[in-house]
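Commentary on secondary and tertiary structure
Letter by letter, the chains look like this.
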Amino acid sequence: MAHIHDSSTPFPSPRVWLITGSSTGFGRALAEAVLAHGDRLVATARHPEQLQDLASHFSDQLLLLPLDVTNEEQCLWVMKQTMQHFGRIDVLVNNAGYGLFGAIEEASAQEVRQQFETNVFGLLNVTRAVLPVMRTQKHGHILMMSSVGGFLSFMGTGIYNATKRAVEGLSDALAQEVGPLGIRLTIVEPGSFRTNFTGGSLKTAEHTIGAYAQTSGMVVEYTRHHMHGTEPGDPARAAKALIQVVEHPEPPLHLALGADALQMMRGKLAEVKQDWETWEAVSVSTAFPTPAKH
Ligand SMILES: NC(=O)c1ccc[n+]([C@@H]2O[C@H](COP(=O)([O-])OP(=O)(O)OC[C@H]3O[C@@H](n4cnc5c(N)ncnc54)[C@H](OP(=O)(O)O)[C@@H]3O)[C@@H](O)[C@H]2O)c1
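Residues numbered from 1 in each chain as written. Predicted model: local features only at pLDDT ≥ 70, side-chain atom pairs only at ≥ 80, totals over all residues. Heavy atoms only, no water.

**Observations concerning the sheet that holds strand β6 (residues 140–145)**
By way of backbone hydrogen bonds, the strands of a sheet pair with one another, either parallel or antiparallel. Put simply, the test is: Between any two strands, at least two bridges found by DSSP are needed for them to pair. What counts as a helix is a DSSP run of H or I of at least four residues, what counts as a strand is a run of E of at least two, and both are numbered from the N terminus. To obtain each axis, a line is fitted to C-alpha atoms, and for helices this fit is confined to the stretch in contact; angles are then taken between N-to-C directions over 0 to 180 degrees. By the convention used here, residues are in contact when the closest approach between their heavy atoms is within 4.5 Å.
Spatially, the seven strands line up as an open sheet ordered β3-β2-β1-β4-β6-β7-β9, and their pairing is parallel. Here the strands that pair on one side only, and so sit at the sheet edges, are β3 (62–66) and β9 (254–257). The mean inter-strand angle of the sheet, taken between neighbouring strand axes irrespective of direction, is 15°. In this structure, strand β1 (residues 16–19) lies alongside strand β2 (residues 40–45), joined through four bridges in parallel fashion. Counterpart to isoleucine 19 in the pairing with β2 is alanine 43. Strand contacts of helix α4 (residues 109–137): β4 (91–94), β6 and β7 (183–190), with the helix running at about 170° to β4, the strand carrying the most contacts. Where helix α5 (residues 158–178) meets the sheet, it contacts β6, β7 and β9, and its direction lies at approximately 160° from that of β7.

Following this line, the structure appears as structure tokens:
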């Protein structure tokens, strides 16, 4: 690959962050950590009143705004408010999202569309609103909240996994496009963290099919009844890790969060590598025997 010239301007300090889905879980934990760290924050949520306690403690550092990421106009309005209030944006955290669980066949077209509407199209709405500002500034860092499920899939979570694969697919390209403009991008791949993800936020396909009861159905049942509140990952520790990454001069493109995430992704990588090696002779047998003439 060609050498990419780094035309970025240095990050000002304190940084200005914008986080989507700040009401609970990772978003809330990161909001608290960013404020405690002394940085400035635009905390957005569908119901910003849920963050009122932070507003009273950190009134100088915090701008609280309503944002449903599926509303493109509201994303542009949030960006305008951010610029009026803080004059710049240094870090965007595309965090808002939820899981739709159920077998692929069980999920209705509408449930699938809603899932992509939030996790993919919503994330793109926010990103498109923020990029013109970051390009003008010649600096910025975008954190894309993917998942271990953006790297491998599990039965019962295939549609959710597909949204996170989409996030990874677009992020990989975006990082190459905006890197030369001074904008960094990190894809965050958490394992299981103790948030509202497996609690009140979890959506399951309304229509169930008996044939999947012992496969994906078991995954859904386990997640719903046994997982919530027992996940190994601590969102507050994840928040500290994210601040560390943002402050690093050479942040990674991929960041796994949690030992479980690392183990699963290493396993998947080994599986893919094994397939490539076993089938290498077939893979390389598909080219024309002689190179094309120009
Ligand atoms: N927890 C895990 O184990 C885990 C693992 C891998 C990846 N993740 C990812 O981490 C991110 C955060 O999830 P979490 O674990 O912190 O779960 P969470 O506690 O349920 O938080 C999700 C947040 O997203 C918000 N949200 C959902 N739809 C939205 C919309 N249309 N517009 C704006 N905000 C919206 C929710 O707001 P409301 O309060 O209004 O619903 C909530 O603030 C998600 O992208 C999730 O896929 C989580």
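From this point, the discussion proceeds with the structure in view.
**Some points on the pairing of β6**
Put simply, the rule is: Type-normalised accessible area, obtained with a 1.4 Å probe on protein chains alone, sets the label of each residue: buried when under 20%, exposed when over 50%, and partly exposed for intermediate values. With its strands directed away from the observer, a crossover is right-handed exactly when the path from the first strand over the helix to the second travels clockwise.
In terms of burial, β6 is a largely internal element, six of the six residues being buried. Taking every second residue as pointing to the same face, both faces of β6 are buried, with Gly140, Ile142 and Met144 on one and His141, Leu143 and Met145 on the other. The pairing of β4 with β6 spans four bridges and is parallel. Bridge pairing in β6 links leucine 92 to isoleucine 142. Each parallel crossover has a hand, and the one from β6 via α5 to β7 is right-handed.

**Details of the site of the ligand**
Keep this limit in mind: By convention in these notes, a residue is near a molecule or strand provided one of its non-hydrogen atoms lies within 4 Å of it. Here a polar contact means two N or O atoms within 3.5 Å. Within protein one must be a hydrogen donor candidate and the other an acceptor candidate, and residues neighboring in sequence count only if both atoms are side-chain atoms. Methods summary: accessible areas were calculated by the Shrake-Rupley approach with a probe of 1.4 Å, and residue burial reflects only the protein chains presented.
Around the ligand, the structure places 27 residues, and the nearest of them are Ser23, Arg46, Tyr160, Thr195 and Ser201. Phenylalanine 26 has a polar backbone atom sitting 2.8 Å from an oxygen atom of the ligand. At 2.7 Å, a side-chain N or O of arginine 46 approaches an oxygen atom of the ligand. Alone, the ligand offers 900 Å² of accessible surface; in the complex the protein occludes 94% of this. Counting residues per element, the ones that place at least two in the shell around the ligand are α1 (25–36) and α5.

**Concerning the packing of α4 against α5**
Put simply, the test is: When an angle is under 35 degrees it counts as roughly parallel; over 145 it counts as roughly antiparallel; between 65 and 115 it counts as roughly perpendicular; any other value is oblique. In this scheme, a crossing is called left-handed if the near helix is turned counterclockwise away from the far one by less than a right angle; it is called right-handed if the turn is clockwise.
The contact between α4 and α5 brings their axes to 8 Å, and the two run at 20°. Classed by the angle they form, the pair α4 and α5 counts as roughly parallel. Between α4 and α5 lies a crossing whose hand is right-handed. Residues Val112, Gln115, Phe116, Asn119, Val120, Leu123, Leu124, Thr127 and Leu131 of α4 pack against Ile159, Tyr160, Ala162, Thr163, Lys164, Ala166, Val167, Leu170, Leu174 and Val178 of α5.

**Quick word on the pattern of salt bridges**
Convention followed: What counts as a salt bridge is simple: a side-chain nitrogen of Lys or Arg found within 4 Å of a carboxyl oxygen of Asp or Glu.
Tallying each qualifying case throughout the model produces eight salt bridges. Across the pair arginine 28 and glutamate 32 runs a salt bridge whose closest N-O atoms are separated by 2.7 Å. On the criterion of helical spacing, the pair formed by arginine 28 and glutamate 32 is a turn pair, its members being four residues apart in helix α1. Given the relative accessible area of 15%, arginine 28 is considered buried. On the accessibility criterion, glutamate 32 (35% relative accessible area) is partly exposed. The partner of arginine 128 in a salt bridge is glutamate 72, and the shortest N-O contact between them spans 3.3 Å. Residue arginine 128 is located in helix α4, and its partner glutamate 72 is located in helix α3 (residues 72–86); the two are separated by 56 residues in the primary sequence.

Just distances and angles here, no functional claims.
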